[in-house]
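Listed here are the chains, written in short residue letters.
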Amino acid sequence: MSNENKEKDKLKRRIAGLEKTLQIVTGYSGRIEKNLRQLFEVVSDTMPVPMMISLKTGAILFFNGNAQKIFGYSEKEFRKIAASLLYENPDDRGIFLKTLEDKGEVRDFAVNLKKADGSVFPASLFSRQIVFEGQNCLLTVIHDLSELKQEEEKRLMLERQLRQTQKMEAIGTMAGGIAHDFNNILTVIFGKLELASMMLPGESKVVRYIADALAAARRAKAMTKQILAFCRKTEYARKPFHISTVVAEAYKMIASLTPSDIEVRLGIKAESAIILCDPTQIHQVMMNLCSNAHHALRDRGGVIEILLEEVRAGSQEKIMIPALKSGDYVRLTVRDNGPGIEKNIVDRVFDPFFTTKPSGEGTGMGLSIVRGILQAHGGAVSVDSEPGKGAAFHCWFPLVAQTEDLTESVMPQDTVERHRKNSVRG
Amino acid sequence: MTIQGENYKVTYQNGVISISGKLSLMLEDYEELETFFEEVIESRPSEITIDIRNLEYLNSSGIKTICVSLILEAADIENLQMKILCSDRYTWQKETVPTFKDLMDDITVLFG
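Only a predicted model underlies this, so the values are computations on that prediction, with no experimental measurement involved.

A.B. asks: Just checking my understanding: could you explain the overall build of chain B for this structure?
C.D. replies: Tallying secondary structure elements over chain B gives three helices and seven strands in all. Helices and strands appear in chain B in the N-to-C order β-β-β-α-β-β-α-β-α-β. Since a compact globule built from 112 residues should have a radius of gyration of about 13 Å, the 13 Å found for chain B is in line with a globular shape. For chain B, the C-alpha atoms occupy an extent of roughly 35 × 25 × 25 Å along the three principal directions. In chain B, buried positions account for 48% of the 112 residues. As displayed, chain B offers around 5,800 Å² of accessible surface, 41% of which is attributable to carbon and sulfur atoms. Taken as two groups, the 9 positive and 20 negative side-chain charges of chain B have centres that lie 10 Å from each other.

A.B. asks: Would you mind showing me how to read helix 1 (residues 31-42) of chain B here?
C.D. replies: Note that an α-helix has 3.6 residues per turn; residues three or four places apart therefore point the same way. Residues and elements named next belong to chain B. Taking 1.5 Å of rise per residue, the twelve residues of helix 1 would be expected to cover 16 Å, and the 16 Å separating its terminal C-alpha atoms lies within 8% of that figure. Within the span of helix 1, buried status applies to Leu33, Phe36, Phe37, Val40 and Ile41. In an axial view of helix 1, the angular spread of the buried residues amounts to 135°, which keeps them on one side of the axis. More than 90 degrees from the buried face of helix 1, the exposed residues found are Glu31, Glu32 and Glu42. The inward-facing, buried residues of helix 1 contact strand 1 (2-4), strand 2 (8-13), strand 3 (16-23), strand 4 (47-51) and helix 2 (60-75). Immediately downstream of helix 1, the backbone of Arg44 shows phi near 50°, a positive value.

A.B. asks: How should the interface of chain A and chain B be read in this particular structure?
C.D. replies: The accessible area lost on association of the parts is a frequent measure of interface size. Taken residue by residue, the interface counts 13 residues in chain A and 19 residues in chain B. For the chain A and chain B pair, buried surface summed over both sides reaches about 1,300 Å², with 62% attributable to carbon and sulfur atoms. On the chain A side of the contact with chain B, Arg14, Ile24 and Tyr28 of chain A bury the most area, a combined 46% of that side's loss. At the junction of chain A and chain B, the tally comes to four salt bridges. Residue Arg13 of chain A pairs with Asp76 of chain B through a salt bridge whose shortest N-O separation is 3.2 Å. Considering only residue class, the side of chain A that touches chain B consists of five nonpolar, three polar and five charged.

A.B. asks: Help me understand the nonpolar core in this model?
C.D. replies: In terms of nonpolar packing, the biggest core is built from 51 residues, with Val247, Ile306, Phe393 and Cys395 of chain A touching the most fellow members. Each of domain 2 (149-230) and domain 3 (239-415) of chain A accounts for three or more of the residues forming this core. Setting aside residues up to four positions removed in sequence, Cys395 of chain A forms contacts with Val285, Leu289, Val330, Arg331, Leu332, Val370, Leu374, Ala380 and Val381 of chain A. By size, the runner-up hydrophobic cluster in this structure holds 42 residues, among which are Ile48, Ile50, Trp92 and Phe100 of chain B.

A.B. asks: What is the right way to look at the packing of helix 1 of chain B against helix 2 of chain B in this model?
C.D. replies: Each pair of packed helices gets described by two things: the angle between the helix axes and the distance between those axes. Residues and elements named next belong to chain B. Orientation of helix 1 relative to helix 2, taken along the N-to-C sense of each, is 15°, at an axis distance of 10 Å. One finds that helix 1 runs roughly parallel with respect to helix 2. Helix 2 is crossed by helix 1, and the crossing has right-handed handedness. Residue-level inspection shows Leu33, Glu34, Phe37 and Ile41 of helix 1 in contact with helix 2, the latter providing Lys64, Thr65, Ile66, Ser69, Leu70, Glu73 and Ala74. Here the contact of helix 1 with helix 2 is built from residues that sort into six nonpolar, two polar and three charged.

A.B. asks: Sorry if this is basic, but what is going on with the side chain of Ser382 of chain A here?
C.D. replies: Residues and elements named next belong to chain A. As for its position among the elements, Ser382 is in strand 11 (residues 380-385). At 3.5 Å, the side chain of Ser382 forms a polar contact with the side chain of Trp396. When residues no more than four places from it in sequence are discounted, the contact partners of Ser382 are Ile321, Phe350, Ala392, Phe393, His394 and Trp396.

A.B. asks: Just to check I follow, could you spell out the environment of Ser197 of chain A for this structure?
C.D. replies: Residues and elements named next belong to chain A. Considering the arrangement of structural elements, one finds Ser197 in helix 5 (residues 146-198). Residue classification places Ser197 among the partly exposed residues on the basis of a relative accessible area of 23%. The sequence separation of Ser197 and Ile369 amounts to 172 residues, and the corresponding C-alpha distance is 35 Å. The residues touching Ser197, leaving out its near neighbours within four places in the chain, are Val207 and Ile210.

A.B. asks: Mind showing me how you'd approach the pattern of salt bridges here?
C.D. replies: If charged atoms from side chains of opposite charge come close, those side chains can pair. This structure, assessed with the given rule, holds 19 salt bridges over all chains. Arg265 of chain A is paired through a salt bridge with Glu263 of chain A; the nearest N and O atoms lie 3.1 Å apart. Residue class for Glu263 of chain A comes out partly exposed when judged on its relative accessible area of 40%. Each of the salt bridges in this network shares a partner with another, and the network as a whole consists of Asp9, Arg13 and Arg14 of chain A together with Glu73 and Asp76 of chain B.

A.B. asks: Sorry, what's going on with the packing of helix 7 (residues 243-257) of chain A against helix 8 (residues 279-297) of chain A here?
C.D. replies: Residues and elements named next belong to chain A. Running from N to C, helix 7 and helix 8 point in directions that differ by 35°, and their axes come no closer than 10 Å. Crossing angle aside, the handedness with which helix 7 passes helix 8 is right-handed. On helix 8, the residues touching Val246, Val247, Glu249, Ala250, Tyr251, Met253, Ile254 and Leu257 of helix 7 are Pro279, Ile282, His283, Met286, Met287, Cys290 and His294. When the residues that make up the contact of helix 7 with helix 8 are grouped by side-chain class, the tally is twelve nonpolar, two polar and one charged.

A.B. asks: Is there a simple way to explain the sheet that holds strand 13 (residues 401-402) of chain A in this structure?
C.D. replies: Pairing between the strands of a sheet is mediated by backbone hydrogen bonds and can be parallel or antiparallel. Residue and element names in this part refer to chain A. One open sheet accounts for three strands, arranged 6-8-13; its pairing is antiparallel. Whereas interior strands pair on both sides, the edge strands pair on one side only; in this sheet they are strand 6 (239-242) and strand 13. Of the pairings in the sheet, the one linking strand 8 (residues 273-277) to strand 13 comprises two bridges and is antiparallel in character. Among the inter-strand pairings, Ala273 is bridged to a residue of strand 13, identified as Gln402. The sheet contacts of helix 7 involve strand 6 and strand 8, and relative to strand 6 the element is tilted by about 65°.

The rules behind the values
- Residues numbered from 1 in each chain as written.
- Chains lettered and ligands numbered in written order.
- Predicted model: local features only at pLDDT ≥ 70, side-chain atom pairs only at ≥ 80, totals over all residues.
- Heavy atoms only, no water.
- Helix = DSSP H or I, 4+ residues; strand = E, 2+ residues; numbered from the N terminus.
- Rg over C-alpha atoms; globule rule 2.2 N^0.38 Å.
- Buried < 20%, exposed > 50% of the residue type's maximum accessible area, 1.4 Å probe, protein only.
- Areas by Shrake-Rupley, 256 points an atom, 1.4 Å probe, with all protein chains shown as cover.
- Lys, Arg positive; Asp, Glu negative; His and termini not counted.
- Charge placed at Lys NZ, Arg CZ, Asp CG, Glu CD.
- Expected span 1.5 Å × (residues − 1).
- Arc of directions from axis to C-beta.
- Contact = heavy atoms within 4.5 Å.
- Buried area = accessible area lost by both parts, 1.4 Å probe.
- Salt bridge = Lys/Arg side-chain N within 4 Å of Asp/Glu carboxyl O.
- Nonpolar A, V, L, I, M, F, W, Y, C, P; charged D, E, K, R; others polar.
- Core = buried A, V, L, I, M, F, W, Y, C linked by side-chain atoms within 4.5 Å.
- Domains from an automatic or database assignment.
- Axes fitted to C-alpha atoms, helices over the stretch in contact; angles between N-to-C directions.
- Parallel < 35°, antiparallel > 145°, perpendicular 65-115°, else oblique.
- Left-handed = near helix turned anticlockwise from the far one by under 90°.
- Polar contact = N/O pair within 3.5 Å; in protein donor to acceptor, adjacent residues only side chain to side chain.
- Pairing = 2+ DSSP bridges.

Below, the structure written as structure tokens:
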């Protein structure tokens, strides 16, 4: 073979080799591209945050499952929608693009975004410019702040409740001290008035004045007793009781005292529930709550519902009523369909000396005493009310046991007292 | 002979070219490696072994450099034996290196 032919042959082989190399490299690049695309899709669909890729014009080229989920658009809708329509205020996208242009990236861009159903949620955007499918695009990650905002609101609410609790404790301590000293002063007043009365002839006008003074002093004593009850200075003996029988008995008394234009209904769904309580105090709780309900329905009539049921307090209830611990409770509810409580005062109804009643009609101690009693029983009281929709007071008593649950170690059968064998059912 | 980069190392000793690490340079940055292979070929060895068992990653430009500057050049040398030692730990090696046989008849690809 001549040299020329040899060279030609070598060149031919080289060209064939280069063609094969091209195939090898192209095949390799194709596999790498495919793997990278797959990796991108897996990462974007696995990441727990919404992400999308859009053009500056607003066309959305790519979105992950979380973006679809949070905005509530179908895949087809998402591909058609302009990115600016995902903003509550479409002009915000202009500011977002300007920031991106100025800084090269966007971090923590606070904005309100809009879902397919029109609802709005707070979000924080993070974005950078990338090349995607051969075009200059924006990769944007959306951080939904809804839960964070809710958590913040819950925290603020708990802080408010904590401050309120601390304030109440301070007032309680102070009022307890004053009531105690006032009681001592009253003792002297009683003694001296009685002595003075004994030293005067029966027909004396002064005796009548002294009697009036004594009556006023007795009212003062009753008031100090209420304050002391609120402050939990008085120890009451608590025993295991079927609360249903106590409630049923109180209901009978309340129903008999209620005017005919007000209907009192009783619903007992916790007949076998046992709590540790002082029945007199349960009576007082019901009397105070029903007395308020009477007042709410005065001149208009209506319905008072008394409901007793077993409930479980979970994390949700603990947030709403911080005094509650997780566990089983018996909940006594007194609900009326009166005018309800104004929003601006609903947080204050349990404050001592707070009343909406006209001067001389209420001391403002009724609900404070209810709260004191519930606290002493290891429970809590809460209120649900909206103007025009009535009011419901829920009293949560820790459940000790049910009749069928009783074992000797928990509570001997004969210590469980029943006021009556048959409770009244509403 | 040795070339040492940030994430890779290439050596030639006793007829064995060892490439290790991650090799992902831009096409124009492979010039140094092309010269390296040229020197290996010019030394007219009767046998070349390419050991890439510790080469974790090689980009497409690297594949092109090995194919054109080393294997195709070696294919022009009569009676030169070429052996490639590979690792089946790396998927890219399993998928790509066997296709190098298309470039040279006397090439042996061994996985271990």
